Amino acid sequence: MTTQAVLQAVSVSEAAPENTPDSTRRTRGRRRTGRKSFGLFLCILPFLALVFLFSYFPLYGWIYSLYDYKPALGLAGSEFVGLQWFELMFSSPTQVAQIGQVLANTLAMSFLGIATSVLPVAFAIFLNEVKAPWFRNAVQTLTTMPNFISWVLVYMIAFSLFSSSGLVNDVLMDSGLITTPAKFLDSGGENVWITMTLWSLWKTLGWGAIIYLAAIAGIDPALYESAKIDGAGRFQIMWHITVPQLMPTYIVLLMLSIANLLNNGMEQYYVFQNAFNKEHIEVLDLYVYNIGMTGNSLSMATAVGMLKSIISVILLFTVNLIAKRTRGASII
């Protein structure tokens, strides 16, 4: 037994020097990876802090929906009312009818935006087929610039062109086509949805095509060369190669649009609203602003905005689940 113990000790002592370098290298590799990961974490830490400050910290304001908040008294001096504002949204027939019209406006404009989401794809495909670089760059620049113009300036352009005393009415009246000015901006009804969609499309068409142009640049050129060798024409190449290659990008953006059905923004509708079209132009974001600022009911506005955020999160996870089951890959 003593001899076996000595032999085992000798074998262990002989094997130790061989294993030590490998274990040391693994330890050093783990430390190096840990330092690199920590360095990358420090790089994204400022952005995480900004996300927390501007996206998560403001959620504390949801507490205002539980109070009858009076700005002069502050939160501490305001009366705690619990879920009164949420009950009021569904118990008052007038409030229910108003919210129903606002939801109809929101969903109508969102679905019109989704229906026209194929236009940036088509625009990117046809723009990519332009052979003259100077003309392609000029068109891309001219169609992208409106995205950087504020909605206030867009409304000034619309007012200068389409108001009762605007350029379009002056030309039509001088040519004898009409006798009284047409009210392009003051018209009400559901055609406001189409008008707002057209203005939004004019403003965002070039910007929305950028991501598809980038996706087209990433398509393997061998696919185009093979198609040309097989005798495919330009339209056949676009339809059978470019369009299928863009579909994954389009589907992801489409699902994100569906998840944001209730988020239309308010800037466009705020500057275009007037007494004639207010009923059909007031989307959910503008409604929250109006009842909070104009109606001086900050608690009610907080309650509506809170429900909108919760529904948007539910839509996002629902769309993500559908994407995971249909495409095999989630978007978040």
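What counts, and where the lines are drawn
- Residues numbered from 1 in each chain as written.
- Predicted model: local features only at pLDDT ≥ 70, side-chain atom pairs only at ≥ 80, totals over all residues.
- Heavy atoms only, no water.
- Axes fitted to C-alpha atoms, helices over the stretch in contact; angles between N-to-C directions.
- Helix = DSSP H or I, 4+ residues; strand = E, 2+ residues; numbered from the N terminus.
- Parallel < 35°, antiparallel > 145°, perpendicular 65-115°, else oblique.
- Contact = heavy atoms within 4.5 Å.
- Nonpolar A, V, L, I, M, F, W, Y, C, P; charged D, E, K, R; others polar.
- Core = buried A, V, L, I, M, F, W, Y, C linked by side-chain atoms within 4.5 Å.
- Buried < 20%, exposed > 50% of the residue type's maximum accessible area, 1.4 Å probe, protein only.
- Phe/Tyr/Trp six-rings, centres within 6.5 Å; stacked < 30°, edge-to-face > 60°.
- Lys NZ or Arg CZ within 6 Å of the ring centre and 35° of its normal.
- 1 Å grid on protein atoms, 1.4 Å probe; cavity = no way out; pocket = protein on both sides within 12 Å on 5 of 7 lines; lining within 4 Å.
- Points joined across faces, edges and corners; volume = space filled by probe spheres on them.
- Salt bridge = Lys/Arg side-chain N within 4 Å of Asp/Glu carboxyl O.
- pLDDT = per-residue confidence, 0-100.
- Patch = residues over 30% accessible without salt bridge, like charges linked within 9 Å, V, L, I, M, F, W, Y side chains within 5 Å.
- Areas by Shrake-Rupley, 256 points an atom, 1.4 Å probe, with all protein chains shown as cover.
- Lys, Arg positive; Asp, Glu negative; His and termini not counted.
- Charge placed at Lys NZ, Arg CZ, Asp CG, Glu CD.

Trainee: Any chance you could explain the packing of helix α6 (residues 133–144) against helix α9 (residues 191–217) here in plain terms?
Mentor: Angle between the axes and distance between the axes: these two values describe a pair of packed helices. Put simply, α6 and α9 touch, their axes get as near as 7 Å, and they point 130° apart. Relative to α9, α6 is oriented oblique. On the side of α6, the interface is formed by Q140, T143 and T144, while α9 contributes G206, W207, I210 and L213. The residue inventory of the contact of α6 with α9, partitioned by class, reads three nonpolar, four polar and no charged.

Trainee: Explain the nonpolar core here, please?
Mentor: The nonpolar side chains of soluble globular proteins are, as a tendency, buried together. By size, the foremost hydrophobic cluster in this structure holds 17 residues, and its most contacted members are V121, A124, I125, I216, Y224 and I241. Those elements giving two or more residues to this core turn out to be α5 (118–128), α9, α10 (221–229) and α11 (234–259). Among all residues touching Y224, those that are not within four sequence positions of it are I216, I219, I237, I241 and T242.

Trainee: How should the packing of aromatic side chains be read in this particular structure?
Mentor: The tally for this structure, following the rule as stated, stands at 13 aromatic pairs. Plain terms: the ring middles of F162 and F184 are 5.7 Å apart, the flat faces sit at 70° to each other, and that makes the pair edge-to-face. You can see F162 sitting in helix α7 (residues 151–162) and its partner F184 sitting in the loop between α8 (167–174) and α9, a full 22 residues away along the chain. For F184, a relative accessible area of 35% gives the class partly exposed. Aromatic rings pair up to connect W151, Y155, F159, F162, F184, W199, W202 and F272 into one cluster. Sitting over the face of the ring of W151, K203 holds its NZ or CZ atom 5.2 Å from the ring centroid.

Trainee: I tried to follow the layout of surface pockets on my own but got confused; where do I start?
Mentor: To find leftover empty space, a probe the size of one water molecule is rolled over the atoms. Quantified by volume, the largest pocket comes out at close to 960 Å³. Around the largest pocket sit 31 residues that line it, and G113, I114, S200, T204 and S257 are the ones nearest its centre. Of all the elements in the fold, those that place two or more residues in the lining of the largest pocket are α4 (93–115), α9, α11 and α12 (267–272). With ten residues, the top contributor of residues to the lining of the largest pocket is α9. Split into classes, the residues belonging to the lining of the largest pocket amount to 16 nonpolar, 14 polar and one charged.

Trainee: Mind showing me how you'd approach the packing of α7 against α8 here?
Mentor: Packing of α7 against α8 leaves a shortest axis separation of 4 Å and a crossing angle of 10°. Overall, the two elements α7 and α8 adopt an arrangement that is roughly parallel. Note on element contacts: α8 touches α7 through L167, V168 and N169, opposite S160, L161 and F162. Across the contact of α7 with α8, the residue classes break down as four nonpolar, two polar and no charged.

Trainee: Honestly, the pattern of salt bridges in this entry has me stumped. Any pointers?
Mentor: Two side chains of opposite charge can pair, provided their charged atoms sit close to one another. A complete count under the given rule lists three salt bridges for this structure. For D68, the salt bridge identified is with K70, shortest N-O distance 3.8 Å. Taking relative accessible area as the criterion, D68 reaches 22% and is therefore assigned partly exposed. A relative accessible area of 41% places K70 in the partly exposed class. A salt bridge links D285 to K308; the shortest N-O distance between them is 3.3 Å. Here the residue D285 occupies a position in helix α14 (residues 284–294), and K308 occupies one in helix α15 (residues 298–327), the gap between them amounting to 23 residues. Residue D285 is classed as buried on the basis of its relative accessible area of 17%.

Trainee: What am I meant to see in empty space enclosed by the protein here?
Mentor: Counting across every chain of the model gives one cavity of 30 Å³ or more. Taken as a whole, the largest cavity spans an internal volume of roughly 70 Å³. If you go around the largest cavity, the residues you meet are F184, L185, S187, N191, V192, T195, M196, F272, N277 and I281. In terms of residues, the lining of the largest cavity owes the most to one element, α9, which gives four residues. Per-class residue counts for the lining of the largest cavity are six nonpolar, four polar and no charged.

Trainee: Could you clarify how one ought to interpret the side chain of T302 in this entry?
Mentor: As for its position among the elements, T302 is in helix α15. On the basis of relative accessible area, T302 is assigned to the buried category, the value being 18%. Not counting residues up to four positions away in its chain, the partners in contact with T302 are G61, W62, Y64 and S65.

Trainee: Mind showing me how you'd approach the confidence of the model for the protein chain here?
Mentor: Interpreting fine coordinate detail is not advised for predicted regions of low pLDDT. Overall, the predicted model of the protein chain reaches an average pLDDT of 84, with 90% of residues at or above 70. Residue range residues 5–20 is modelled with pLDDT below 50. Its contacts to residues more than four positions away, or to other chains, number zero contacts.

Trainee: What exactly am I supposed to notice about a positive patch on the surface here?
Mentor: A surface patch of positive charge is lined by R30, R31, R32 and R35. Position of R30 among the secondary structure elements: in helix α1 (residues 2–56). Residue R30 is classed as exposed on the basis of its relative accessible area, which comes to 55%.

Trainee: I tried to follow the environment of L298 on my own but got confused; where do I start?
Mentor: Along the polypeptide, L298 turns up in helix α15. Through-space distance from the C-alpha of L298 to that of P71 is 8.9 Å; in sequence the pair is 227 residues apart.

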